[in-house]
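Chains, contacts and geometry: an overview
Chain by chain, the residues run as shown.
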Amino acid sequence: MATLFYPGCQIKKDYPEASKKLAEYIQSKRPVEVVGCCRVDHGKSTQADTALVVCNNCANIIAESGDPGSIEFVWEIIDNDPDFPFPDYHGEKMTIQDCWLAVEKRHVQDTIRSLMRKMNIQVVELPENHEKTTFCGMNLTAECNPSNAKLAPKRYVEEGGHMFHPMSPEERQAYFTDYCKQFTTEKVVCYCKSCRGALLAGGADARHILQLLFPEG
């Protein structure tokens, strides 16, 4: 039985230092085999293995195109670690942006909120949260990625094909700007690259949960 760790290609690209710290932390907690891109290596896991993921899309691809015994998010390991050195954000209010890629994963949504509270953040909810969220920023304002459709057809075609609404660059910018008007806090917390990219484009100060857990400096 092995734990295969998928660190997330885009996560590593966007947050190299935080990703390095995360990998070092995970490897200090349990034996893991670090694997590459989920699009290439989704089939490496067997029913005897656990796929450990950072990215919501990785989880969806591995669930359909792989065959792991279970899928676990790194956030759950951190949340269950009584010795994790949580940064202190001094009671600052931050809005949580749930991601449509994990709309059915209440355990992930709850874990992100738990991590925020453990960092002394006051969690501010949106009306469309948890299972009601229809937001995934850049992903849903374009055609479905052909690779995603091929590797996770149930999630992205059969059940979720109606969620994709391609927009022109001008329409997309107007949508993101208008969407961000609802926020009442200075910072918005995401656990998805696409969500964060859209919120930044709309003018919000969006932070990935990884950035908060492993701050620079």
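Preceding this paragraph is the structure being described.
Okay, so let's go over this structure. Everything numeric here is computed off the predicted structure, so don't read it as measured data. (Residues numbered from 1 in each chain as written. Predicted model: local features only at pLDDT ≥ 70, side-chain atom pairs only at ≥ 80, totals over all residues. Heavy atoms only, no water.)

Focus: the pairing of strand 7 (residues 187–190)
Alternating residues of strand 7 divide into Lys 187 and Val 189 and Val 188 and Cys 190, and every residue in both groups is buried. By the bridge criterion, three bridges tie strand 5 (residues 92–96) to strand 7 in an arrangement that is parallel. By the bridge assignment for strand 7, Thr 95 is matched with Val 188. Bridge analysis of strand 7 against strand 8 (residues 205–208) gives four bridges, and the strand direction is parallel. When the sheet's bridge partners are listed, Lys 187 is paired in strand 8 with Asp 205. Of the crossover connections in this fold, the one passing from strand 7 over helix 11 (residues 193–201) to the parallel strand 8 is right-handed. (Buried < 20%, exposed > 50% of the residue type's maximum accessible area, 1.4 Å probe, protein only. Helix = DSSP H or I, 4+ residues; strand = E, 2+ residues; numbered from the N terminus. Pairing = 2+ DSSP bridges. Right-handed = clockwise from strand over helix to strand, strands pointing away.)

Notes on helix 4 (residues 56–65)
When you tally the buried positions in helix 4, you get seven out of 10 residues, the bulk of the element. Buried within helix 4 are the following residues: Asn 56, Asn 57, Cys 58, Ala 59, Asn 60, Ile 61 and Ile 62. In this structure, the buried side of helix 4 is in contact with strand 1 (3–6), helix 3 (38–41), strand 3 (50–53), strand 4 (70–73), helix 8 (146–151) and helix 9 (153–158). (Contact = heavy atoms within 4.5 Å.)

Some words on the packing of aromatic side chains
The final tally for this structure, using the stated rule, is 10 aromatic pairs. Considering the side-chain rings of Trp 100 and Tyr 156, the 6.3 Å spacing of their centres and the 50° angle between planes classify their relative orientation as tilted. Remark: Tyr 156 occurs in helix 9 and Trp 100 occurs in the loop between strand 5 and helix 6 (106–118); sequence separation between them is 56 residues. Judged by its relative accessible area of 2%, Tyr 156 falls in the buried class. Put simply, the rings of Phe 135, Tyr 175, Phe 176, Tyr 179 and Phe 183 pair up and form one aromatic cluster. Between Arg 155 and the ring centre of Trp 100, over which it is positioned, the NZ or CZ distance is 4.4 Å. (Phe/Tyr/Trp six-rings, centres within 6.5 Å; stacked < 30°, edge-to-face > 60°. Lys NZ or Arg CZ within 6 Å of the ring centre and 35° of its normal.)

Side note on the environment of Pro 169
Among the structural elements, Pro 169 can be located in helix 10 (residues 169–179). Residue Pro 169 is classed as exposed on the basis of its relative accessible area of 56%. In the structure, Pro 169 is positioned 28 residues away from Thr 141 in sequence and 9.4 Å away in space, judged by C-alpha atoms.

Describing the state of the cysteines
Tallied over the full model, the rule gives zero disulfides. Sulfur of Cys 38: no disulfide; nearest cysteine sulfur belongs to Cys 58 and is 3.6 Å away. The closest cysteine sulfur to the non-disulfide-bonded Cys 195 is located on Cys 192, 3.7 Å from its own sulfur. (Disulfide = S-S within 2.5 Å.)

A word on the nonpolar core
Trp 75, Leu 199 and Ile 209 are the most contacted members of the largest nonpolar core, which totals 70 residues. Examining the composition of this core, we find that five residues originate from one element, helix 2 (residues 16–29), more than from any other. (Core = buried A, V, L, I, M, F, W, Y, C linked by side-chain atoms within 4.5 Å.)

Focus on the side chain of Asp 79
Tracing the backbone shows Asp 79 in helix 5 (residues 74–79). A polar side-chain atom of Asp 79 sits 2.6 Å from a polar atom in the side chain of Ser 114. Discounting residues that sit within four places of it in the chain, Asp 79 has contacts with Thr 111, Ser 114, Leu 115 and Lys 118. (Polar contact = N/O pair within 3.5 Å; in protein donor to acceptor, adjacent residues only side chain to side chain.)

As for the sheet that holds strand 4
Ordered by their spatial adjacency, four strands build an open sheet running 2-1-3-4, and the pairing between neighbours is parallel. The two strands at the open ends of the sheet, each matched to only one other strand, are strand 2 (33–34) and strand 4. As defined by bridge partners, strand 3 adjoins strand 4 across four bridges and the pair is classed as parallel. Counterpart to Val 53 in the pairing with strand 4 is Phe 73.

Some thoughts on the sheet that holds strand 8
Taking strand neighbours across the sheet as the criterion, the four strands line up as 6-5-7-8 in an open arrangement whose pairing is parallel. Both edges of this open sheet fall to strand 6 (121–124) and strand 8, since each of them pairs with a single strand only. Across the sheet, the mean angle from the axis of one strand to that of its neighbour is 40°, orientation sign disregarded. (Axes fitted to C-alpha atoms, helices over the stretch in contact; angles between N-to-C directions.)

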